[in-house]
Each structure stands twice: as structure tokens, then as C-alpha cells.
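# Architecture at a glance
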Amino acid sequence: MSTRTFRRIELYRMRTFNDKFSDTFSWLREHWKPLLIFMTYFLLPLAIVNAFFMPDVLSPNIDVYSDELPVSFLTSAGCYLLFTFVAQLLCYSITYAMLRMYFFAPASLETLSVHTFWPEMRYCLWRAFKISLLVFGVVLLAMGLYIGLAILIGATLGFVVILMVPVLFLLIVAALPLMLVMPRTLLTDDDMIPSFTNGYRLGWNTLGGVILIALTITIITNIITSVCGIPVMIISMLKGFNNAGIGDFEFLHSPVFIFVEFLCNILYGFVTFCFSAVLHVAMAFQYGHAAEKIDGITSAQNLKSFESL
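Residues numbered from 1 in each chain as written. Predicted model: local features only at pLDDT ≥ 70, side-chain atom pairs only at ≥ 80, totals over all residues. Heavy atoms only, no water.

## Brief notes about the side chain of Ser 26
With respect to the helices and strands, Ser 26 occurs in helix α1 (residues 17-57). Within the structure, the side chain of Ser 26 is placed 2.8 Å from the backbone oxygen of Ser 22, a separation counted as a polar contact. Non-local contacts of Ser 26, meaning those with residues more than four positions away in its chain, are made with Arg 7 and Ile 9. (Helix = DSSP H or I, 4+ residues; strand = E, 2+ residues; numbered from the N terminus. Polar contact = N/O pair within 3.5 Å; in protein donor to acceptor, adjacent residues only side chain to side chain. Contact = heavy atoms within 4.5 Å.)

## What about helix α6 (residues 192-205)?
Between its terminal C-alpha atoms α6 stretches 20 Å, which fits the 20 Å expected from 14 residues at 1.5 Å a residue. Among all positions in α6, only Met 192, Ser 195, Phe 196, Gly 199, Leu 202 and Gly 203 are buried. Looking down the long axis of α6, one finds its buried residues gathered within 140° of arc, a one-sided arrangement. (Expected span 1.5 Å × (residues − 1). Buried < 20%, exposed > 50% of the residue type's maximum accessible area, 1.4 Å probe, protein only. Arc of directions from axis to C-beta.)

## Some thoughts on the packing of aromatic side chains
All chains considered together, the criterion is met by 14 aromatic pairs. Ring centres of Phe 53 and Phe 83 lie 6.2 Å apart, and the angle between their planes is 15°; this geometry places the pair in the stacked category. Of the two residues, Phe 53 is situated in helix α1 and Phe 83 in helix α2 (residues 71-104); the sequence distance between them amounts to 30 residues. Residue Phe 53 is classed as buried on the basis of its relative accessible area, which comes to 18%. Residue classification places Phe 83 among the partly exposed positions, given a relative accessible area of 24%. Residues Phe 103 and Phe 285 carry aromatic rings whose centres are separated by 5.9 Å and whose planes lie at 90° to one another, so their mutual orientation is edge-to-face. Here the residue Phe 103 occupies a position in helix α2, and Phe 285 occupies one in helix α8 (residues 255-295), the gap between them amounting to 182 residues. Ring-pair connections join several aromatic residues into one group, and the members of that group are Trp 27, Tyr 102, Phe 103, Phe 104 and Phe 285. (Phe/Tyr/Trp six-rings, centres within 6.5 Å; stacked < 30°, edge-to-face > 60°.)

Rendered as C-alpha cells:
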């Protein structure tokens, strides 16, 4: 039996950038095994399903700017996006359910079973779904207003680009605080609207920290997932060369190659799903930092609300 010990990490604590980075990977280093087990249970099947659609989505024969896209491409792309959305909801629920149980419950995560973990995961899954719809609605409304403003300016002044680029930049900046809405929702039991508004407020008041830690973690995880995506990219390039008549790659149609391509697609999809958890954990610690810094919340003050765990 391992004798390694890890320091107990508190959620609500003011942190420097180094503290956020260190706490993120310390938590992941301590709990990567149960996290990977549950992600394998719930996310690997979705990665397998998405692997069936990836060849159509990445097909070099498709011109995405065409007025008439093939039905097979639209179907595959729609299914791929749907299952990716479901996978992201599951990733949120798995990660934040484990974080909730770590921060607010005395049980060890190493001894979790699907039976004991599922109630907390189901709770997080339902809340993640509801807050995702709310965030999507707000973003859709903002984009609708942006497009409407662009049409109005284009109709009245005759030009759009010069005026709308700064507006688009402001919209992107205004959207960045939304990254704290999910941790605020899943790490508390408040209703959706208060969770959304308070999460956004905390994100806006610590916007520099949100951008810095999110950008750093995203670069690191993208490098790793990109390495796993190299076989997928090479296969797509070979298909493009073959379709363009640059070389004759008859092996592309062999059952062995198709099976290898399928395995590569599974690996890339599963690794991408799993490594998104790194950013979720980092945003949890960013939220804990913001909540303590802005609202003065401490772990002791919030522990009582999770005694039911």
C-alpha cells in the first residue's frame, strides 16, 4: 500500500497564479486514478460513438463554404456536436462531483464506487445541463443583438467592419467571466439565476486571473491533445492527397487501415474529453480564490451546507 501523503487543499483561499497552478496539478496528481476510472466508464463510450462520425466530419472532400452540403456530412457533424456536448456535460459533472466530495465530504475519493458516486454526479449533471442552457441563451441573445446592430449599421451607414470589430472584441471580453459560472453553480446549491449572476460577477472582478490561468492551462492541454491528434491529422492529409490524385494510397481502403483510423479517432476523442477536466479543476480554484477575495467566503462557512453528503 502506498504511504504517500498529500496536503489537504482548501477551496476558498486567496491564491497567487503559482498557487492556482500548483493546487490544480496537486489535486489532479492525488486523484487522477478515480477521475480516470469514472471518465472511462462514462466518456469512453461517447468517444467510441464519435469515432464513427469523425471520418465524415474531417473528410477532405467537403467544402464547408458550399451552399449545398451533403446530407451525410450534416448528419455526422450534428451527431458529433451532440455527443461532444453530452461528453462535456459528463466531464463537468464527474469533475465537479469529485471536487464537491473532496472539499465538503469526509469520504476518501479513492474508495468511491459508481453506486456511491452516481447520486452526486447526477446532481451535478442536471445543474450543469440547466446552467449550460442558460449560458447558451445569453450568448445567443448577445450574438443576435450583435448581428442586428451590424445589419442596422450596414443599412444606414453603408459599412460595418470598422465599427463592428471593436464591438465584437468587447463581446469576447465580456464573455470571458462566464468561465466562473459553471464552478459557481456546481460548487454551491444556489438557484440558477443567482449562480449565474454571482459567477459572472466574480469572473469579471478577477478577469485578469481568469484569463491568465485559463490561457496557461489551455495551452498545456492543447499541446498534449495535439500530440494525440497527430495520427488523425496524418490520416486526413493522406486522404486529401489521395483524392487530389497526388499519389496512390490504396491501403487507405483496407480493413486494417480503417480499423487503425477508428482507434486513432477514439484515442483523440477520449484524450480530449479527459484533459478538459484540467481546465475545470483550475477554474474551481480560480472560483475559490475569487469568492474569498471578493465576498470573503471561507471553507468553514460553507461546510455546513454540504453535511448531507
